[in-house]
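Summary of structural features
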Amino acid sequence: MKALPNILTSLRLVLTLFVFLALATVAGALPGFSEHLTPEDQFSLQRWAFWAFVVAAVTDFFDGWLARKLDAVSVWGAILDPIGDKVLVCGAILGLLALGGQPMVVLPAGLMLFREFTVSALREVGAGKGVKLPVTRLAKWKTTLQLTALAAEMIVASWGAFDLPAEPAVRDPVTLLAHSLMWVATVVTLITGAQYWEQTRKALAEK
């Protein structure tokens with residue numbers, strides 16, 4: 001049972017790979033295969049990608065909760081969990097960008113990616129100097145906001161796949177909500193990035 005948290009984290013990585021490959025395939029990025037997909041095949045892949053993303057996002061909560069509940073916190077889990085979070089967010093972003101047709105997603109998505117890679121670099125540099133950056137409560141909310149926003153954007157990008165009403169009176173408010181969530185998540189993402197930068201700067205100044 002104590003291996004369950006790490007199994008869930010590993011599952012998140014596998015599901016993330018599927019989400020990205022599925023959306024990239026729909027976008028035509030897999031030569032010799034993408035061009036043979038029927039519209040229904042494309043819609044099916046988009047639906048599977050969305051639900052795989054939802055399941056992967058849910059594991060993000062349960063792996064940590066189970067690790068504490070089962071007293072199964074491990075070094076391997078501590079390494080895999082933040083990697084799983086970042087890979088899930090980055091994989092979904094790249095999949096969305098591959099689908100195209102959503103210019104309002106490009107800027108916030110790029111800022112999110114910039115923050116994730118910057119903080120990863122800060123953690124690596126800090127670790128080499130013996131500096132540990134604890135995960136803040138806001139950073140945990142950041143991940144939740146990112147996953148919620150990306151799920152909403154995936155619905156908008158795959159609107160036809162879910163057979164949702166095409167009327168602007170329905171689609172436009174949902175699209176506005178998804179874009180708004182994306183920007184809220186981006187602002188929180190940048191704030192937490194600035195916090196980690198300041199924590200690292202102060203910690204290294206004391207060395």
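Definitions and limits used
- Residues numbered from 1 in each chain as written.
- Predicted model: local features only at pLDDT ≥ 70, side-chain atom pairs only at ≥ 80, totals over all residues.
- Heavy atoms only, no water.
- Helix = DSSP H or I, 4+ residues; strand = E, 2+ residues; numbered from the N terminus.
- Buried < 20%, exposed > 50% of the residue type's maximum accessible area, 1.4 Å probe, protein only.
- Contact = heavy atoms within 4.5 Å.
- Phe/Tyr/Trp six-rings, centres within 6.5 Å; stacked < 30°, edge-to-face > 60°.
- Axes fitted to C-alpha atoms, helices over the stretch in contact; angles between N-to-C directions.
- Parallel < 35°, antiparallel > 145°, perpendicular 65-115°, else oblique.
- Left-handed = near helix turned anticlockwise from the far one by under 90°.
- Nonpolar A, V, L, I, M, F, W, Y, C, P; charged D, E, K, R; others polar.
- Polar contact = N/O pair within 3.5 Å; in protein donor to acceptor, adjacent residues only side chain to side chain.

1. Focus: the environment of W159
Residue position: W159 is located in the loop between α5 (137–157) and α6 (168–205). The class for W159 is buried, based on a relative accessible area of 4%. As a C-alpha pair, W159 and R171 span twelve residues in sequence and 8.4 Å in three-dimensional space. If we ignore the near neighbours within four places in the chain, the residues touching W159 are L164, P165, A166, V170, R171 and V174.

2. Quick word on the packing of aromatic side chains
If you walk through the whole model with that rule in mind, you get two aromatic pairs. On the numbers, 5.0 Å between centres and 75° between planes, the contact of F50 with W51 is edge-to-face. Between the aromatic rings of F50 and F162, the centroid separation amounts to 5.3 Å while the plane-to-plane angle is 85°, which identifies the pairing as edge-to-face. Of this pair, F50 sits in helix α2 (residues 39–69) while F162 sits in the loop between α5 and α6, and the two are 112 residues apart along the sequence. For F50, a relative accessible area of 8% corresponds to the buried category.

3. Brief notes about the packing of α5 against α6
Two numbers describe how α5 lies on α6: the axes approach to 8 Å, and their chain directions differ by 155°. In terms of orientation, α5 and α6 fall into the roughly antiparallel class. With respect to the hand of their crossing, α5 and α6 are arranged in left-handed fashion. A breakdown of the residues in the contact of α5 with α6 according to their chemical character gives 16 nonpolar, seven polar and three charged.

4. Overview of the side chain of R115
Considering the arrangement of structural elements, one finds R115 in helix α4 (residues 103–128). Residue R115 is classed as buried on the basis of its relative accessible area, which comes to 4%. Excluding its chain neighbours within four sequence positions, the residues that come into contact with R115 are K86, K142, T189, L190, T192, G193 and Y196.

5. Describing the side chain of K142
Turning to its location among the elements, K142 is positioned in helix α5. Given a relative accessible area of 5%, K142 falls into the buried group. At a separation of 3.3 Å, a polar atom in the side chain of K142 contacts the side chain of E116. Discounting chain neighbours no more than four positions away, the residues touching K142 are R115, E116, V188, T189 and T192.

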